[in-house]
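Survey of secondary and tertiary structure
Residue strings, one per chain:
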Amino acid sequence: MIHKAKHGRLRPNRWSRRTSIVAAVLGAALAGTAAYATSNWVVGLGSSSSGEAESGGVSNLTITAVASPSPTNLLYPGGDGDVVVTISNPNPYPVTITAVQLPTDTTYADGYSDPGLSTTETSCSSSTPSDVIWNFSTATSGSSHTLSTPLTVAASGQAGNPLAVTFSNDASMTTDAPAACEDTYFSMPSLTGVTAVAGGTATASPATDSWSS
Amino acid sequence: MGSKDGRHFAVMCAATGVALGLSAGPAWGSGWPVSLQPPSAAEAHAGAAPGAPGAPAAACTSATSATVKVTWSEVADASTYSVYEATSAATGPYSLAASGVVATSWTSGALSTGDYWFEVAALEGSNWQGANSTATGESTVTNLGLVQICAQT
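Residues numbered from 1 in each chain as written. Chains lettered and ligands numbered in written order. Predicted model: local features only at pLDDT ≥ 70, side-chain atom pairs only at ≥ 80, totals over all residues.

Check the secondary structure of chain A and you find one helix and twelve strands. For chain A, with 213 residues in total, the buried portion stands at 37%. (Helix = DSSP H or I, 4+ residues; strand = E, 2+ residues; numbered from the N terminus. Buried ≥ 20, exposed ≤ 12 C-beta atoms within 10 Å, placed from the backbone.)

Here's what the structure looks like:
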C-alpha cells in the first residue's frame, strides 16, 4: 500500500521497505550457507581409490601395519597373538567400524626379520607356508566378524586419526609353523573389507579391540 | 519501528537462524557406508624358541635294573620334550632316544651294557626346538644275563 506522506509526496510503505531489506539479507545468508554446505559436501576420492568408493564424496579408509604399540601376546605354535594396525579416515567426518571381513584360512602371512617389515624371512613366507592366519577366518573369503566394540576413527585432521588399534589374539599360528618363523614379524594378509558408516564419537588412540568369532 | 514491524522482523530472523542451524547440523553423510581401500596391512610378532631345561638328572630305577629315569624342570611355553642319549662321552655325540614327551620325566627301556649320558630339549609345536640341556651324570649298566646292575655317577 502506498501512503500519502505528510508533505504530499508519495513513498512506499515502511513495512514493505523493511521487509525487502530483511528478505535480501536472509536470501544472501541462505545462499551463502548453501554454498558453504555444498562446497564441503563434495569430497574428492583418493587418487588410488578403487571402484569400492561410494558415490557423492565418500573416501575409503586405509589400514596400515605398525610395530607400535608392541603386541602383548606373541605368536607361538598352536596359539594366538595380537595384531597391531593404524586406521586412517580421509573424510571430513568420523567413521565407525563395526566388523571386518577376512581372507580365507589358507591365506598366510609373510614373515620378516625386522619390525619395519622390510627384510623378508624367506623360509617363513606365505608360500612356505608360515602357518600364520587371521584368527576365526574360514574357508570362505570375506567372512565377516563383528568387533567387540565399534571403533570410530575421527574426522580428517582431528585427534585420533589415524587411530592405532591392537586386535587382541586375532592372529593364529598352527603347531606346524616352521622353525624359521621363530621370533619373526608378520605382515598379515589384507582384509577383504570392513563394515563401516559415517558418524559416531571418536575412539581414543591407541585402542584395543578384537573379534572373538 | 512499530510492534507489527518488530514481529515480522523477529519472524524473519528466527527463520534465518533455523535455516543456518539446519545447514550446520548433524555430521555430514551420517549413516553413509564407508569402504576399505585395498590392500590393508597389519603386523603380528612371534615369540622365540623355548629355552633349554635346567640340568636334568638321571637315576637308575633300581640297582638291579637296566633302566634309567631322567627328570628335568619344566620350561615355560614348552609343549613337549625330546630326550637324547650318548654312549661314548658326556660331550656326545647324542642321538634321539625319545620325542613327544609331555611330562618332565622319562624312563628308558632296558639298556644294553654300557655307559649313558642324557640331554633334554624343549619344543613348542612340531618344529620350534630349543637348545639341549647340559648332560646328566653317567649311568653305567652292566648286563650279566639274568642279573643287571645299574650304577649312577
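With that out of the way, let us pick up the confidence of the model for chain B. All names here are of chain B. Of the residues in chain B, 81% have a pLDDT of 70 or more, and the chain-wide mean is 84. In the predicted structure, residues 13-26 sits below a pLDDT of 50 and forms nine contacts with residues beyond four places in sequence or in another chain. The ipTM value of the predicted complex is 0.75, and its pTM value is 0.74. (pLDDT = per-residue confidence, 0-100. Contact = placed C-beta atoms within 7 Å.)

On to the environment of Ala 179 of chain A. Here Ala 179 of chain A lies in the loop between strand E9 (163-173) and strand E10 (185-187). The exposure class of Ala 179 of chain A is partly exposed, given the 16 C-beta atoms found within 10 Å. Those residues in contact with Ala 179 of chain A, other than ones at most four positions away along the chain, are Asn 127 and Trp 128 of chain B.

With that out of the way, let us pick up the nonpolar core. The biggest cluster of nonpolar side chains holds 45 residues, and the ones touching the most others in it are Leu 61 and Val 132 of chain A. Contacts of Leu 61 of chain A, omitting those with residues within four sequence positions, involve Ile 87, Ser 88, Asn 89, Val 95, Val 153, Val 194 and Ala 196 of chain A together with Val 34, Leu 36 and Gln 37 of chain B. (Core = buried A, V, L, I, M, F, W, Y, C linked by C-beta atoms within 7 Å.)

Moving on to the sheet that holds strand E1 (residues 33-34) of chain B. On the basis of which strands lie adjacent, the open sheet formed by four strands has the order E8(A)-E5(A)-E11(A)-E1(B) and antiparallel pairing. The sheet terminates laterally at strand E8 (143-153) of chain A together with E1 of chain B, the two strands that pair on one side only. Sheet analysis places strand E5 (residues 95-102) of chain A next to strand E11 (residues 193-198) of chain A, joined by six bridges and oriented antiparallel. Note that in E11 of chain A the partner of Thr 96 of chain A across the bridge is Val 197 of chain A. (Pairing = 2+ DSSP bridges.)

What follows deals with the sheet that holds strand E3 (residues 57-60) of chain B. Whether parallel or antiparallel, the strands of a sheet pair through hydrogen bonds between backbone atoms. All names here are of chain B. With antiparallel pairing, the three strands of this open sheet are ordered in space as E3-E4-E7. Only two strands of the sheet have a single partner each, and these edge strands are E3 and strand E7 (105-107). This sheet shows a mean twist of 15° between the axes of neighbouring strands, independent of strand direction. One ladder, built from four bridges, connects E3 with strand E4 (residues 68-71); its direction is antiparallel. Pairing of Ala 58 across the sheet is with Val 70, part of E4. (Axes fitted to C-alpha atoms, helices over the stretch in contact; angles between N-to-C directions.)

Looking now at the pairing of E4 of chain B. Residue and element names in this part refer to chain B. Going residue by residue along E4, you find Val 68 and Val 70 tucked away on one face and Lys 69 and Thr 71 left uncovered on the opposite face. Here three bridges tie E4 to E7, and the two strands are oriented antiparallel to one another. Its bridge partner being in E7, Val 70 is matched across the sheet by Trp 106.

Predicted confidence across chain A gives a mean pLDDT of 83, with 74% of residues reaching 70 or more. Note on residues 1-12 of chain A: pLDDT is under 50 here. Beyond four places in sequence and across chains, it has nine contacts.

As a further point, take the environment of Ser 105 of chain B. Residue and element names in this part refer to chain B. Note on placement: Ser 105 falls in strand E7. Take Ser 105: there are 14 C-beta atoms within 10 Å of it, and that puts it in the partly exposed class. The spacing of Ser 105 and Trp 72 is 33 residues in sequence and 6.3 Å in space, taken between C-alpha atoms. If we ignore the near neighbours within four places in the chain, the residues touching Ser 105 are Lys 69, Val 70 and Thr 71.

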